[in-house]
Protein chains: 2
Amino acid sequence: MMLFGLEESTVISLAGGVRASAGPAVMDAAAAADVFARAAWTGIAEPGDGAAGLLVQGLGAGPALTAVLDLWTGARLAAALAAAGWPLTDDLPAQLEQGLQRWRPRLSSAEVIRSLQQATRVSAGLLVPTDPSWPTGVDDLAIHAPIALWWRGVPTALTALSNSIALVGARAATGYGEHVAMEASAGLVDRGFLIVSGAAYGIDGMAHRAALASSGLTVAFLAGGVDRYYPSGHDTLLSRIATVGAIVSELPCGAAPTKWRFLQRNRLIAAASAATVVLEAGWRSGSLNTAGHAAALGRPLGAVPGPVTSPTSAGCHRLIREYDAVCVTTAAEMAELVGERMLNLTLDLPPVDGDTAGFGGRTSEQVRVFDALSTRAARTVPDIARRAGLSTSAVQGALGALDLEGVVREKETGWVRGR
Amino acid sequence: MMLFGLEESTVISLAGGVRASAGPAVMDAAAAADVFARAAWTGIAEPGDGAAGLLVQGLGAGPALTAVLDLWTGARLAAALAAAGWPLTDDLPAQLEQGLQRWRPRLSSAEVIRSLQQATRVSAGLLVPTDPSWPTGVDDLAIHAPIALWWRGVPTALTALSNSIALVGARAATGYGEHVAMEASAGLVDRGFLIVSGAAYGIDGMAHRAALASSGLTVAFLAGGVDRYYPSGHDTLLSRIATVGAIVSELPCGAAPTKWRFLQRNRLIAAASAATVVLEAGWRSGSLNTAGHAAALGRPLGAVPGPVTSPTSAGCHRLIREYDAVCVTTAAEMAELVGERMLNLTLDLPPVDGDTAGFGGRTSEQVRVFDALSTRAARTVPDIARRAGLSTSAVQGALGALDLEGVVREKETGWVRGR
């Protein structure tokens, strides 16, 4: 009997299906349990959940999951962490208790099994931190690092992430921005870099396309499961990336992209790459969020200037003016950024989850609750809590604020978006 | 008997003619002698001549001129400076001796009288450092500060220099650059700033024009005498500036602009303004020279980004990347520069007289000698020395190097440019 009361052979078989490309498909029970538990955690905790990260890093993925399934209290989890050598702070039990309330609604073996089977079906693999091809850059996120990564593609694209540059920018790119993205991507491929981006329309898509056209390696980080290509208009592009590069996500198969997940995906782009360059971005572009993560991690950050008359370059100029981003104008100058890694540790950080991130004044819990609502189907508080990965009390608080804001309403059967 | 053996009444009359607008036209003999001597020095020493500046600041303009006319040696001048409290360095006598060799060929009372008469004719005035309307920013140039300034225009334009921003850039400006210059100039005028520039084609001209169109104050610093408008295509523009703003030069009337004088004029633009902004500039644009002076003086320096695909913005991006220029995109951001004055004292200085300045690997003496040559009229070494403001031995050395370079040639009657 193992996790969720499953048979050992079932866990070994399910885990083996997603390990075919990255490690030994035939595993011992302990390795299989770890893979299975990490796969489960990617569905139980929302990306970047520090309490989940702490628990998994402190106790191991399997024991942490077992403890949650065995209804341990926050205090007991904190004591176990302290026994494992982690510093015990006053508010740790309460934080873990809040975590338990977020995770419990999602504890479903059926969900885990379904995501593993779907992954096997689309030949997606699961990477764990001990894998040789694990992108070690993400470990700098500490307890906010991903617990595991789902991926499709060729293994060399994963190992080449150590020599990668992220090219990001506006969806509504101009011809100028797309031209610059193309030149940058092709020029960096020529210099041996892998191109990381987010597969969005505009700059991201052009960065991937130019890398492919130059026969370079490219990796797309997605905000949903690697079995669904988003945006759908980039279906063909993502298929090609999955064939010669890699598509990576910390969400399990079947997971939909949400605003929260896009923002957390941005932290992976910044952390997995040796440097981040913003090619074209409006004053409040989401790519400034990626830039903020890069700066917070001490990663070199570059921004390409453009006409001051163009609103789509205003975000780049803002990064240069206010956040000490290096003004980069050619692929050669972007490549130089990597030589400067860790130089800018003392800069003032841009707000990673303030207005820059496009939260529009909402707290992260409000964003996640709003993400979890539908305009048509009314949803109950427990349902919203499970979808958002939040406790029911946190959902109720957020719903109250969103209700005051006038962007949600309560119907007889639950909550919906809009008035 | 006064300077050059002239009568006191002659000196008072000549000096009074150029002081009508700036001070009392009727002066005592001592004040007249100082004005006359300073006017003489502007013709004897090339702009930025540190030895001349030291001598005038240490002994006074009149006594310094008398000493030179009385054939004092470098050692005697150095001793007089030491007696006046200046630190006596080992090489000071030799430096002053070299200065004497530069100045002696130009000691001509007729020249001084002619330039004063011409100034009176075109209503040009002579400013001296003790005048209330003297632009005190230039005093930061220390011994390289101008000994006096010739000017035409309205006095309020001079006093408003304390609240001015220099807008400079490429002659071969693009439509984008001219648009940005227009917006910047008009926006800064709206914020109460005077616009300083160099009256060149392209960005400079647009900066002056937009200031005039916004009924703002504007000052043009010229590289030749204020009686000759250069470039000639900006005749009408310069006439308008002289009517409602001011035209300023440290060269006496009749003096031609030379490459050396353009570069020295740039230091005045940077020193007289509270901040300098480069709007559009190629990789080796002369406006980078102005920027270099601004940085060397600890003045705030801004650069306007542009398309990375435009060679005329490459110099601006270079200033942002390499010389810590602030990336400025609007007039409001340019105005903010002035609040940041003196913050950038530790930055690496761009080469003020290296390749950036357009010397193309030549020494400053070679530039000045080449300036002094004609393509048609052959000139003797003493003639070249007088025109270049250099000693005959320095001229001979420079001619030798230029000859090796193949850009000058010796004819029977003297030296000419070209082969």
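As recorded in an unreviewed UniProt entry, chain A goes by DNA-protecting protein DprA and comes from Cryobacterium cheniae. Under the UniProt heading Sequence similarities (unreviewed entry), the entry covering chain A gives this text: "Belongs to the DprA/Smf family."

In screw terms, the move from chain A to chain B is a rotation of 180° and a rise of 0.1 Å along the axis, fitting with an RMSD of 0.1 Å. On the angle and the small slide along the axis, the relation comes out as a two-fold axis. Here 100% of the contact residues of chain A are again contact residues in chain B; the copies associate through an equivalent surface.

Moving on to the confidence of the model for chain A. For chain A, per-residue confidence averages 90 on the pLDDT scale, and residues scoring 70 or more make up 93% of the total. Contacts for the low-pLDDT stretch residues 340-358 of chain A, under 50 throughout, to residues beyond four places or in other chains number 37 contacts.

Turning next to the sheet that holds strand β8 (residues 301-303) of chain A. Residue and element names in this part refer to chain A. One open sheet accounts for 9 strands, arranged β1-β2-β6-β5-β4-β3-β7-β8-β9; its pairing is mixed. Pairing within the sheet leaves two strands with one partner each, and these edge strands are β1 (125-127) and β9 (326-327). By the bridge criterion, 4 bridges tie strand β2 (residues 149-153) to strand β6 (residues 246-249) in an arrangement that is antiparallel. Following the sheet pairing, Trp-151 is matched in β6 by Val-248. Its contacts with the sheet place helix α10 (residues 203-213) against β3 (164-168), β4 (194-197) and β5 (218-221), and it is angled at close to 155° to β5. Contacting β2, β5 and β6, helix α11 (residues 235-244) crosses the sheet at an angle of about 100° to β6.

This next bit is on the environment of B:Ala184. All names here are of chain B. Tracing the chain through its elements places Ala-184 in helix α9 (residues 175-190). By relative accessible area, which is 2% here, Ala-184 ends up buried. Along the backbone, Ala-184 and Ser-214 are 30 residues apart, and their C-alpha atoms lie at a distance of 11 Å. For Ala-184, the contacting residues outside a window of four places in its chain are Leu-167, Leu-279, Ala-331 and Met-334.

Moving on to the state of the cysteines. Tallying each qualifying case throughout the model produces 0 disulfides over all chains. The cysteine A:Cys316 is free of any disulfide, with B:Cys327 supplying the nearest cysteine sulfur at 9.7 Å. Judged by relative accessible area, which is 0%, A:Cys316 ranks as buried.

Here the focus is the UniProt feature "domain: DprA winged helix" (unreviewed entry) in chain A. In the numbering adopted here, UniProt assigns the feature "domain: DprA winged helix" (unreviewed entry) to residues 363-409 of chain A. Counting secondary structure, residues 363-409 of chain A comes out at 64% helix and 4% strand; the distance between its end C-alpha atoms is 18 Å.

Quick look at the interface of chain A and chain B now. In this complex, chain A contributes 18 residues to the contact, which on the side of chain B involves 18 residues. Both sides of the chain A and chain B interface together cover about 1400 Å² of buried area, and 68% of this is carbon and sulfur. Taken as a group, A:Val308, A:Arg321 and A:Cys327 account for 41% of the area that chain A buries against chain B, more than any other trio of residues on that side. Across the chain A-chain B interface, the total number found is 4 salt bridges. Across the salt bridge formed by B:Glu336 and A:Arg321, the nearest N and O atoms sit 3.2 Å from each other. For the interface between chain A and chain B, the tally reads 8 residue pairs in polar contact (both at pLDDT 80 or more). Going through the elements one at a time, α9 (175-190), α14 (314-322), β9 and α15 (331-339) of chain A are the ones with two or more residues in the side of chain A that touches chain B. Along the lines of polarity and charge, the residues of the side of chain A that touches chain B split into 10 nonpolar, 5 polar and 3 charged.

Turning our attention to the pairing of strand β4 (residues 194-197) of chain B. All names here are of chain B. Side chains of β4 alternate between two faces, with Leu-194 and Val-196 and Ile-195 and Ser-197 buried alike. Summarising the sheet, strand β3 (residues 164-168) and β4 pair through 3 bridges and their orientation is parallel. Bridged to Ala-166 within β4 is Val-196. With α9 bridging β3 and the parallel β4, this β-α-β connection has right-handed handedness. Relative to strand β5 (residues 218-221), β4 runs parallel, the two sharing 3 bridges. Bridge pairing in β5 places Ser-197 opposite Ala-220.

What counts as what
- Residues numbered from 1 in each chain as written.
- Chains lettered and ligands numbered in written order.
- Predicted model: local features only at pLDDT ≥ 70, side-chain atom pairs only at ≥ 80, totals over all residues.
- Heavy atoms only, no water.
- UniProt positions renumbered as here; feature names shortened; annotations may be inferred.
- Least-squares fit on C-alpha atoms with pLDDT ≥ 70 in both.
- Contact = heavy atoms within 4.5 Å.
- pLDDT = per-residue confidence, 0-100.
- Pairing = 2+ DSSP bridges.
- Helix = DSSP H or I, 4+ residues; strand = E, 2+ residues; numbered from the N terminus.
- Axes fitted to C-alpha atoms, helices over the stretch in contact; angles between N-to-C directions.
- Buried < 20%, exposed > 50% of the residue type's maximum accessible area, 1.4 Å probe, protein only.
- Disulfide = S-S within 2.5 Å.
- Buried area = accessible area lost by both parts, 1.4 Å probe.
- Salt bridge = Lys/Arg side-chain N within 4 Å of Asp/Glu carboxyl O.
- Polar contact = N/O pair within 3.5 Å; in protein donor to acceptor, adjacent residues only side chain to side chain.
- Nonpolar A, V, L, I, M, F, W, Y, C, P; charged D, E, K, R; others polar.
- Right-handed = clockwise from strand over helix to strand, strands pointing away.

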